[in-house]
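An overview of the molecular structure
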2 protein chains.
Amino acid sequence: MKNIQGKELDQPIVIDCSIEKALNIIGSKWSFLILRELFTGTKRFSELQRAINGVSPKALTDALRHMEENEILVRTVYPTVPVKVEYSLTEKGQDLHKIIKEMKYWGAKWG
Amino acid sequence: MKNIQGKELDQPIVIDCSIEKALNIIGSKWSFLILRELFTGTKRFSELQRAINGVSPKALTDALRHMEENEILVRTVYPTVPVKVEYSLTEKGQDLHKIIKEMKYWGAKWG
DNA sequence: TATCTTACTATAAATTTTATAGTAGATATA
DNA sequence: TATATCTACTATAAAATTTATAGTAAGATA
């Protein structure tokens, strides 16, 4: 995953801007919609796939992995057959709620 | 410009989600950084280019055009030589400040 | 035996993004 | 006179990313 400037996120570059930091941690456009879903509670992969119109499984996997690495969400695997995987927000992830809420207000007002 | 599902924005599709509406109107990742700059006042193309680390002129032009079409900012051309072009936020654009502010808080806390 | 399920991967194709050079048109400099 | 400078972009090809599609494991079900 690359940052907003197109550099690998594990490269030693210093970003001063908090907005850029937030955008890099959140990841991609899909992350916002994953957040929207997870604020209402834990979800499985297939539930997210159905709820988010237009995501390919790869895009969803990539976004979830990125968010997991950045400790926005946790991934829990239940070794059943077929396997069950649940995604839920961490405190860090829950704290993004204010941003998404403001987006929702703005979108309802101007969209 | 395409929407978050990859469809052209002028296609007759209905989006119910306010978050998606907001994301589609804002446009791309660069838009957030353009907003960051314009909240401090009117800026010229070259000022934005210098202030936003890593934008290509094409990416900047594309983002500005998209934001202009969506009435987030206005573009004013002064017919001097060389020409001078200024970008400034509309009321709709100013109103995005809450979102960016929350991003900034979050980035400062967790980033 | 064939089919269904979940949570993904693999691959190639399609699309987007980026880097780089170039443009106008007047002024400034050597 | 020739060259360089400035701004705000465009054009183009190359590079990178994203998407669509098919496929996988591994047991349950009909």
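Conventions adopted
- Each chain carries its own residue numbering, running from 1 in the direction its sequence is written.
- Lettering for chains starts from A, numbering for ligands starts from 1, and both go in the order in which the items are written.
- In view of the model being predicted, local features appear only for residues whose pLDDT reaches at least 70, and side-chain atom pairs are presented and counted only at 80 or more, with totals across whole chains, interfaces and linings using the full set of residues.
- Hydrogens and water are ignored here; the side-chain numbers use all heavy atoms of the structure.
- Here a helix means four or more residues in a row that DSSP labels H or I, a strand means two or more in a row labelled E, and each is numbered from the N terminus.
- Here's how the labels work: a residue is buried when its accessible area is under 20% of the maximum for its type, exposed when over 50%, partly exposed in between, all with a 1.4 Å probe on protein chains only.
- The contact criterion used is simple: two residues touch if any of their non-hydrogen atoms lie within 4.5 Å.
- Each accessible area is a Shrake-Rupley estimate made with a 1.4 Å probe; only the visible protein chains count as cover when residues are assessed.
- A residue counts toward the fit only if its pLDDT is at least 70 in both copies, and the copies are then superposed by least squares on the C-alpha atoms of those residues.
- Paired strands, as defined in this entry, are two strands with at least two bridges between them according to DSSP.
- Axis angles are defined between N-to-C directions and span 0 to 180 degrees, where every axis is a line fitted to C-alpha atoms and, for a helix, only to the segment in contact.

An unreviewed UniProt entry annotates chain A as Helix-turn-helix transcriptional regulator originating from Aquibacillus salsiterrae.

Details of the overall build of chain A
Looking only at helices and strands, one finds six helices and three strands in chain A. Starting at the N terminus and ending at the C terminus, chain A contains elements arranged as α-α-β-α-α-β-β-α-α. The buried share of chain A, taken over its 111 residues, is 45%. Contacts spanning at least 24 positions in sequence make up 45% of the contacts within chain A whose residues lie at least 6 apart. For chain A, the accessible surface area stands at approximately 6,000 Å², while carbon and sulfur atoms represent 50% of it.

Some thoughts on the relation of the copies chain B and chain A
Superposing chain B onto chain A takes a rotation of 180° plus a shift of 0.0 Å along the axis, which leaves an RMSD of 0.0 Å. On this basis, the relationship between the two copies can be described by a two-fold rotation axis. Of the C-alpha atoms belonging to chain B, the one lying closest to the rotation axis is found on B:Ile99, 2.8 Å away. Taken together, the interface assignments show that 100% of the residues at the interface of chain B recur at the interface of chain A, consistent with an identical surface on both copies.

Re unusual backbone geometry
Residues other than glycine predominantly adopt negative phi, and peptide bonds predominantly adopt the trans conformation. All names here are of chain A. For the bond from Val81 to Pro82, the omega torsion is -10°, close enough to zero to count as cis. Within the fold, Pro82 resides in the loop between strand E2 (73–78) and strand E3 (84–89). Unusually for a residue other than glycine, Glu71 sits at a positive phi of about 60°.

A closer look at the sheet that holds strand E1 (residues 43–44) of chain A
Residues and elements named next belong to chain A. Across the sheet, three strands lie side by side as E1-E3-E2; this open sheet has antiparallel pairing. The open sheet has two edge strands with one neighbour each: E1 and E2. The pairing of E1 with E3 spans two bridges and is antiparallel. Within E3, the position partnered with Arg44 by the bridge is Glu86. Relative to the sheet, helix H2 (residues 29–38) contacts E1, E2 and E3, its axis offset from that of E3 by approximately 90°. Where helix H4 (residues 57–69) meets the sheet, it contacts E2 and E3, and its direction lies at approximately 115° from that of E2.

Considerations on the sheet that holds strand E3 (residues 84–89) of chain B
Residues and elements named next belong to chain B. A sheet is described by the order of its strands in space; here three strands give the open sequence E1-E3-E2, paired in antiparallel fashion. Both edges of this open sheet fall to strand E1 (43–44) and strand E2 (73–78), since each of them pairs with a single strand only. Of the strands in this sheet, E1, E2 and E3 touch helix H2 (residues 29–38), which is tilted by about 95° from E3. Packed on one face of the sheet, helix H4 (residues 57–69) meets E2 and E3 and runs near 115° to E2.

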